[in-house]
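# Close look at the chain arrangement
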Amino acid sequence: MLRHTIKILICFLLLVTPFYSLASVVESEGTTATINTAVINVREGPGLSFNVIQQVKLGEKYSIIEKKSDWVRIKLSNSKSGWVAAWLIKESGTASPSTTSLIVSTVDSLRIRTGPGPSFQVSGYMNKGQEATFIEKNENWTKIQYKNTQGWVSSQYVTAKSTATQPPSNSNTGTAKTGKVTVNNLNIRSQPSLQANIVGKLSIGDTVTITNQRENWLEIQYKNSKAWVTLDYINISKQEDGGTNPTPVPSPTASTGIVTASSLNVRDRHSLSGSVIASLKQGETVTIISESNQWFEITFSNNKKGWVASWYIERTTNQPPSSAPISDKTVKILHNGTNIRSGAATTTSVVTRANEGDTFKIIATEGDWFKIQLPGNKTGFIAGWIVQVSGDTPTVVKPGVNQYLKNKTVIIDPGHGGRDSGAVGSRGTLEKDLTLRTSKLVYDKLHAAGANVIMTRSSDTYVSLASRVSISHYRNADAFISVHYDSINDSSVRGITSYYYKNIDLPVASSLQTELIKYTGFKDRGHRSGNFQVLRSNRQPSALLELGYLSNPTEELALNSSSFQENVSNGIFYGLAQYFKSR
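Residues numbered from 1 in each chain as written. Predicted model: local features only at pLDDT ≥ 70, side-chain atom pairs only at ≥ 80, totals over all residues. Heavy atoms only, no water.

### Focus: the packing of helix α4 (residues 431-448) against helix α9 (residues 562-581)
Running from amino to carboxyl end, α4 crosses α9 at an angle of 55 degrees, the nearest separation of the two axes being 9 Å. Here α4 lies oblique to α9, going by the angle between them. The crossing of α4 and α9 is right-handed. Here α4 contributes Leu-434, Arg-437, Thr-438, Leu-441, Val-442, Lys-445 and Leu-446 to the contact with α9, which in turn contributes Ser-562, Gln-565, Glu-566, Val-568, Ser-569, Asn-570, Ile-572, Phe-573 and Leu-576. (Axes fitted to C-alpha atoms, helices over the stretch in contact; angles between N-to-C directions. Helix = DSSP H or I, 4+ residues; strand = E, 2+ residues; numbered from the N terminus. Parallel < 35°, antiparallel > 145°, perpendicular 65-115°, else oblique. Left-handed = near helix turned anticlockwise from the far one by under 90°. Contact = heavy atoms within 4.5 Å.)

Structure below.
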């Protein structure tokens, strides 16, 4: 009798409980919505039929209270909240302010690239044991901050080093210092990175307690926790060095530098405890006399001398931009059989070939080419974008496929999500997980190439087909790509298929299919017409990709591998590049 009564009570509660409360998801504390378009209407309820109560603007951040279908409720003030479309915000959690990590190179000459893939240009190098700040990681690549640049390195050649238990080598280990803020509205960030969350602001004259230092960032005490500010806007008033500062080393060659910060403090010695004696503006040129522990001694206006943080100086050697001599600079060959030519162009004759590891002295530069010294008092020319340069000689970057993707608006649509798992593989793989995994890799590559990339979902959430199409229309997408994996009753069927619906879709699907087969080596099932809602209702150029069969046990195993995920994301990346190149 008691069991029967409980069943009746449960049924009653289900009937009287509002439906929306079952469909809604209350977010964990600290989840933030960043407005991702110029202006968004905030509505009374989760739908376009509800009244507009307010507008919010690009870049503004609000706490997320609740989610329902394609809408999120945000906190506007202590007593007011409203609903915004989920596809018009960027959702993020609050990062922990107390822990950062370092990445350590395990090899010499580790190439730092502008994007996550071997096709991206080399922007720098790390040697074995050198450290960089970790930013993020995907399937096979790690994004880092190294000195004053960001880039990607192959994850297999680095190891993580947490700074939570081991302070960085340039930390001060003595008594905590204090400093005063020299500007208004100085951002306080959760991590020592310009990409980290802003957790507060400081005003000119505010005093801070400094507990740590990492390159151009200071860790400070903030609201009973730790946070970070850029050191260039803090005037240190007290310091216990806990050791002696290194002796300055004269710069081996005369060089100049250009200030890259909007305002750069010049100090009377190479330390944060040095007094500020002047301030330089962005674009000013200085002469570098010597360097010590990431500080440059410089001369500036009227032959004044001082010290500045080296990461805010873009160093340039004293050489004319054309064919002036460059002393003591060399190039290192990266590939066997590299052509050395008679002139500074690919149309000139090949005078000899060099192999990986060979080094040559640079005599002069001509455009993107280096004139080098060859044996027997001969000279030749080598393309700057295929060699490693020594010292301060700037790396030459040749425009690649990135030029066709830059500033293009691309919608990446990871199929399924949330309550819709999509196909289930013979080994239990969920399609919704695999589509998101692939889409994130594609996002990273396109973003690094300068494209404006929007994902219809970035987590395991349900997004309706109509909303996915609405995102494409609202963003006026140059291309909309829906990512899927296939399934069928016949477990022997395999391969990749690209679908289109409208005439304007055909070139997109064709280019993607060609590059996907080239990079994966999978069976080519061709590009064909498909009556899918995300294509049929979409006014923008669109394609739907079926990237392999989860119903095929052998193919399912391959689809889950990191190597396939890297290759298939390359296929989508290059397929889009080829499509835009042909436009």
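### Some words on unusual backbone geometry
Excluding glycine, residues mostly have negative phi values, and the peptide bonds linking residues are mostly trans. The phi dihedral of Asn-377 falls on the positive side, at around 60 degrees, and the residue is not glycine. Checked against the element boundaries, Asn-377 lands in the loop between β34 (369-374) and β35 (378-383). Positive phi, normally seen in glycine, also occurs at Asn-476, with a value near 50 degrees. For Asn-476, the position within the fold is in the loop between α5 (465-474) and β39 (479-486).

### A short note on the pairing of strand β42 (residues 542-549)
Taken across its eight residues, β42 has eight buried, putting it largely inside the fold. With six bridges connecting them, β39 and β42 associate as parallel partners. Bridged to Phe-480 within β42 is Ser-542. Relative to β42, strand β40 (residues 496-500) runs antiparallel, the two being bridged by three bridges. Note that in β42 the partner of Thr-497 across the bridge is Glu-546. (Buried < 20%, exposed > 50% of the residue type's maximum accessible area, 1.4 Å probe, protein only. Pairing = 2+ DSSP bridges.)

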